[in-house]
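Structural description and commentary
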Amino acid sequence: MMNLQPPAKPAKILAQTAHRPWPHPAGAWVMAQSWSQLLFAHWPVSPEVLRPLIPASLTIDIFEGQAWIGVVPFYMSHVRARNLPLVPGTNHFCELNVRTYVTDGSKSGVWFFSLEASNALAVFGARNAFHLPYFQAQMSLQRTDDTVTYESRRMHQGAANAQFSATYCPTSPVYHSTPGTLVSWLTERYCLYTTDGSGHLYRGDIHHAPWPLQDAQADIQMNTMAEVAGITLPDTPPLLHYAERLDVVTWYLTRI
């Protein structure tokens, strides 16, 4: 059962700012959405492995000499544009992303190698409006008590096959990460970077309350998400964290 309770009002989300590493943009936000039943699965990798895959204008962000790859399945809901109502058929869907962490020298953020979504309109819109590498996928999320069963199979025309299948659940009470720790470094990110077809670099800001994290356990039966991006994950257990729900606002991309 998905957590589809009404989200917090954007004004309430924007009022909580003490945790941010920099002020959120003064301009109007453009999209609001909620993320739920989310798993952060992170593996350490060598920065040298990622360097050929990241634009030269960005520096790979590292923590104590190590870069990290995240595979993040979740459920997207209450997706709407500013001043517009929810559009039936486009506002609830599964999403799964593969990410690492980068900086342009002033702001540290997220770089997405891929984002899967089970909604074709969302994929089309994100690819064209936000220059993000979205792929259409056949996806499902089922929940029994605290356990989430998640499956994704990429179905995007012309794209390499990629699959993910896992069951996961939280194993601790909710907590907020401590600034300066690895957990905070991995999760408390407030912008993304991307490029368009001409190679121009863009940054997109986001805002939300501090992540309501829980420790987690997962049985990952299939995961080729990083492999199709050219990344071999280490044969070690991932660092796992769970979040039940987070309400988010985003701004449009800024060319930098």
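In case you missed it, the structure is sitting above this.
Residues numbered from 1 in each chain as written. Predicted model: local features only at pLDDT ≥ 70, side-chain atom pairs only at ≥ 80, totals over all residues. Heavy atoms only, no water.

1. With respect to the pattern of salt bridges
Rules: We define a salt bridge as a side-chain nitrogen of Lys or Arg found within 4 Å of a carboxyl oxygen belonging to Asp or Glu. In this text, helices come from DSSP runs of H or I with a minimum length of four residues, and strands from runs of E with a minimum of two, each type numbered from the N-terminal end. Only protein chains enter the accessibility calculation, which uses a 1.4 Å probe; a residue whose area is less than 20% of its type maximum is buried, one above 50% is exposed, and one in between is partly exposed.
All told, the structure shown has six salt bridges when counted by the stated rule. Between Arg-143 and Glu-244 there is a salt bridge, with the nearest N and O atoms lying 2.7 Å from each other. Highlighted residues: Arg-143 in strand β6 (residues 134–144) and Glu-244 in strand β12 (residues 239–250), separated in sequence by 101 residues. Classification of Arg-143 by relative accessible area gives partly exposed; the value is 22%. The exposure class of Glu-244 is partly exposed, given its relative accessible area of 23%. Across the pair Asp-247 and Arg-245 runs a salt bridge whose closest N-O atoms are separated by 2.9 Å.

2. What to know about the packing of aromatic side chains
Formally: Stacked, edge-to-face and tilted are the three classes for Phe, Tyr and Trp ring pairs, Trp counted by its six-membered ring, which pair at centre distances within 6.5 Å; planes under 30 degrees apart are stacked, over 60 edge-to-face, the rest tilted. We count a charge as sitting over a ring when the NZ of a lysine or the CZ of an arginine lies within 6 Å of the ring centre and within 35 degrees of the ring normal.
Tallying each qualifying case throughout the model produces eight aromatic pairs. One aromatic cluster is present, built from ring pairs that chain together Trp-35, Phe-40, Phe-74 and Trp-211. We note Arg-189 situated over the ring of Trp-185; from NZ or CZ to the ring centre the distance is 4.5 Å.

3. As for helix α3 (residues 120–129)
The following threshold applies: The arc in question is the one spanned by the directions pointing from the helix axis to the C-beta atoms. Should any heavy atoms of two residues lie within 4.5 Å, those residues are considered in contact. Pairing of N or O atoms within 3.5 Å defines a polar contact, subject to two protein rules: one partner must be a possible hydrogen donor and the other a possible acceptor, and residues neighboring in sequence count only if both atoms are side-chain atoms.
Along α3, the residues classified as buried are Ala-122, Val-123 and Ala-126. Taken around the axis of α3, the buried residues stretch over an arc of 100°, which confines them to a single face. In this structure, α3 carries Leu-121 and Phe-124 as exposed residues pointing more than 90 degrees from its buried face. Among the structural elements, β4 (93–103), β5 (108–117) and β6 are those in contact with the buried residues of α3. Its side-chain oxygen 3.0 Å from the backbone nitrogen of Leu-121, Asn-119 forms the N-cap of α3.

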